[in-house]
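Each chain, letter by letter, is given below.
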Amino acid sequence: MSADERRQRLVKLASATVFLAAVAVAVLIVIDQSQTDGGDTSLEGVAAVRADLDGIPQRGLVLGDPGAKVTLVEFGDLQCPACRGFAEDVLPQVIESRVRGGEARIEFRNFTIIGEESVAAGAAAIAAGEQGRGWDFVELFYRNQGFENSGYVSDDFLTAVARAAGVSSIERWNRVRKSQRTIDRVAAESAEARRLGFGGTPSFAVEGPAAGGLKTLGTSGSAGDLESAIDDAR
Amino acid sequence: MADLVGARRRSAAPRRLTVPAEGVLRRIAAFLAAFGAGVAAYIAIAEADGGAPACLAGSGGCETVAASSHSELAGISVALIGVFGYALLLVTALLRGDGARMAGFGLGLVGFGYTVYLTYLELFVIDAICQWCIVSAVLMVALFAVNAVRMLRYVGTPA
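Residues numbered from 1 in each chain as written. Chains lettered and ligands numbered in written order. Predicted model: local features only at pLDDT ≥ 70, side-chain atom pairs only at ≥ 80, totals over all residues. Heavy atoms only, no water.

Enquirer: Break down the packing of helix 6 (residues 134-143) of chain A against helix 7 (residues 155-165) of chain A for me, with residues and values.
Expert: Residues and elements named next belong to chain A. The geometry of helix 6 relative to helix 7 is characterised by a closest axis approach of 9 Å and an angle of 125° between their N-to-C directions. Between helix 6 and helix 7, the angle falls in the class oblique. Between helix 6 and helix 7 lies a crossing of right-handed hand. Every residue of helix 7 that contacts helix 6 at Asp-136, Phe-137, Leu-140 and Phe-141 is listed here: Phe-157, Leu-158, Val-161, Ala-162, Ala-164 and Ala-165. (Axes fitted to C-alpha atoms, helices over the stretch in contact; angles between N-to-C directions. Helix = DSSP H or I, 4+ residues; strand = E, 2+ residues; numbered from the N terminus. Parallel < 35°, antiparallel > 145°, perpendicular 65-115°, else oblique. Left-handed = near helix turned anticlockwise from the far one by under 90°. Contact = heavy atoms within 4.5 Å.)

Enquirer: Could you give an account of the packing of helix 2 (residues 46-53) of chain A against helix 6 of chain A, with specific residues and numbers?
Expert: Residue and element names in this part refer to chain A. At a minimum axis distance of 10 Å, the contact between helix 2 and helix 6 shows a crossing angle of 140°. Between helix 2 and helix 6, the interaxial angle falls into the category oblique. Between helix 2 and helix 6 lies a crossing of right-handed hand. Counting all contacts with helix 2, which are made through Val-46, Val-49, Asp-52 and Leu-53, the residues of helix 6 involved are Trp-135, Asp-136, Glu-139, Leu-140 and Arg-143. Looking at the contact of helix 2 with helix 6, its residues break down into 5 nonpolar, no polar and 4 charged. (Nonpolar A, V, L, I, M, F, W, Y, C, P; charged D, E, K, R; others polar.)

Enquirer: Please provide a residue-by-residue account of the sheet that holds strand 2 (residues 62-63) of chain A, values included.
Expert: All names here are of chain A. Taken together, the 6 strands give an open sheet; going across it, the order is 1-2-4-3-5-6, and neighbouring strands pair in mixed fashion. Sheet topology places strand 1 (58-59) and strand 6 (214-218) at the edges, where each strand pairs with a single neighbour. Sheet analysis places strand 5 (residues 203-207) next to strand 6, joined by 4 bridges and oriented antiparallel. Directly across from Phe-204, in strand 6, lies its bridge partner Gly-218. Together, strand 2, strand 3 (70-76), strand 4 (104-110) and strand 5 form the strand contacts of helix 4 (residues 91-99), whose direction differs from that of strand 4 by roughly 140°. Packed on one face of the sheet, helix 9 (residues 180-195) meets strand 3, strand 4 and strand 6 and runs near 105° to strand 4. (Pairing = 2+ DSSP bridges.)

Enquirer: Help me get a handle on the side chain of Thr-115 of chain B, residues and values and all.
Expert: All names here are of chain B. Mapped onto the elements, Thr-115 comes out in helix 5 (residues 97-126). Judged by relative accessible area, Thr-115 falls into the buried class, the value being 12%. Among residues more than four places away in sequence, those in contact with Thr-115 are Ala-137 and Met-140. (Buried < 20%, exposed > 50% of the residue type's maximum accessible area, 1.4 Å probe, protein only.)

Enquirer: Account for the environment of Ile-114 of chain A, naming residues and giving values.
Expert: Tracing the chain through its elements places Ile-114 of chain A in the loop between strand 4 and helix 5 (116-129). Sequence-distant contacts of Ile-114 of chain A, that is, excluding residues within four places in its chain, are made with Asp-77, Gln-79, Cys-80, Glu-148 and Asn-149 of chain A.

Enquirer: Tell me what's going on with the layout of surface pockets, and back it up with residues and numbers.
Expert: The calculated volume of the largest pocket comes to roughly 710 Å³. Val-78, Ile-81, Gly-82, Tyr-114 and Leu-118 of chain B are, among the 32 residues lining the largest pocket, the residues nearest its centre. Taken together, the elements giving at least two residues each to the lining of the largest pocket come down to helix 1 (3-37) of chain A together with helix 2 (22-47), helix 4 (78-94), helix 5 and helix 6 (131-154) of chain B. It is helix 5 of chain B that contributes the most residues to the lining of the largest pocket, 10 residues altogether. Tallied by class, residues from the lining of the largest pocket come to 21 nonpolar, 9 polar and 2 charged. (1 Å grid on protein atoms, 1.4 Å probe; cavity = no way out; pocket = protein on both sides within 12 Å on 5 of 7 lines; lining within 4 Å. Points joined across faces, edges and corners; volume = space filled by probe spheres on them.)

Enquirer: Give a description of the pairing of strand 5 of chain A that names residues and reports values.
Expert: Residue and element names in this part refer to chain A. Among the 5 residues in strand 5, 4 count as buried, and that is most of the element. Sheet topology places strand 3 next to strand 5; 5 bridges connect them, and they run antiparallel. Of the residues in strand 5, the one forming a bridge with Val-73 is Ala-205. Linkage of strand 5 to strand 6, two consecutive antiparallel strands, is achieved through a turn of 6 residues, within which Gly-212 is found at a positive phi near 70°.

Here it is as structure tokens:
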């Protein structure tokens, strides 16, 4: 084969191969994009949440050292925009100053005041907690919250949040979140919030040696207020 | 003076890039493909049942990437697809002739293109870096380069 013939053969074969490869890559990307349109993943704040919670023990929906003397309880509704604001702007400071060092722990309890979608979201958080990813789930849900009762709390959305939160067995998580036991627990936590006299979310209470049981703090406050309440309860 | 003229003549002469013998390129490609298949297999095994490969220094990037829906394509683990792709590249490295040369180049190009896309996802969509995925990406880029040289230099020559 002469050099010219070889060059012509090379150009033909290479052109065809490059075309086929480009089509193959485009097909792979289209498949990937189409599967994420239904509810992934371009979830916001995954890295930030991971950094906020990194190295802090979690059990159920309790974040922090299980042996901590003080427990700060947040009664929240995952659909509540004010709770989201609190999760993004206030709680990170409290977590860094009081929880990371082991002085206190924070517990999330459901107070579903917005609608049925809040119940589904709360149950999903409890189920994620059973796999040690409860706070990752709560924080990621807040950061990707949609408009209240708009239908965004779909199975696809909840699954995407659970996966991004690091829930290892989606099958078990699905079973737990849909169980009557979990739904009943969401209702019981909401009933407790009403019994404590709360009328909105997020509401806080603190429990510690000096607090005399569960002491209610109300619906709002700054990071400084919560830190003072924790210090007073020790 | 004569030395200077001689030096100028030598530097003005066109340089010929030395391309390794095809057998050397095939051995390099076979090594890279086998190594890549091992890395992809580790990621696939670690991700089975919802787990994640171990990131060094506990950065957590591997968990985040493994948890992303981009870690699966049409329900199949991307890592598993990677094992299959590296295995095919290994076969093209072991075979002779223009068919194997073009197939190696084509598969390398597909792997390179999809690797660029996955790295973009890690950096700008998932917002996390999996060190094992970076190792695989480097191997795939190297495989593409070796297969491209093999194709450009040896297509049309006797096997």
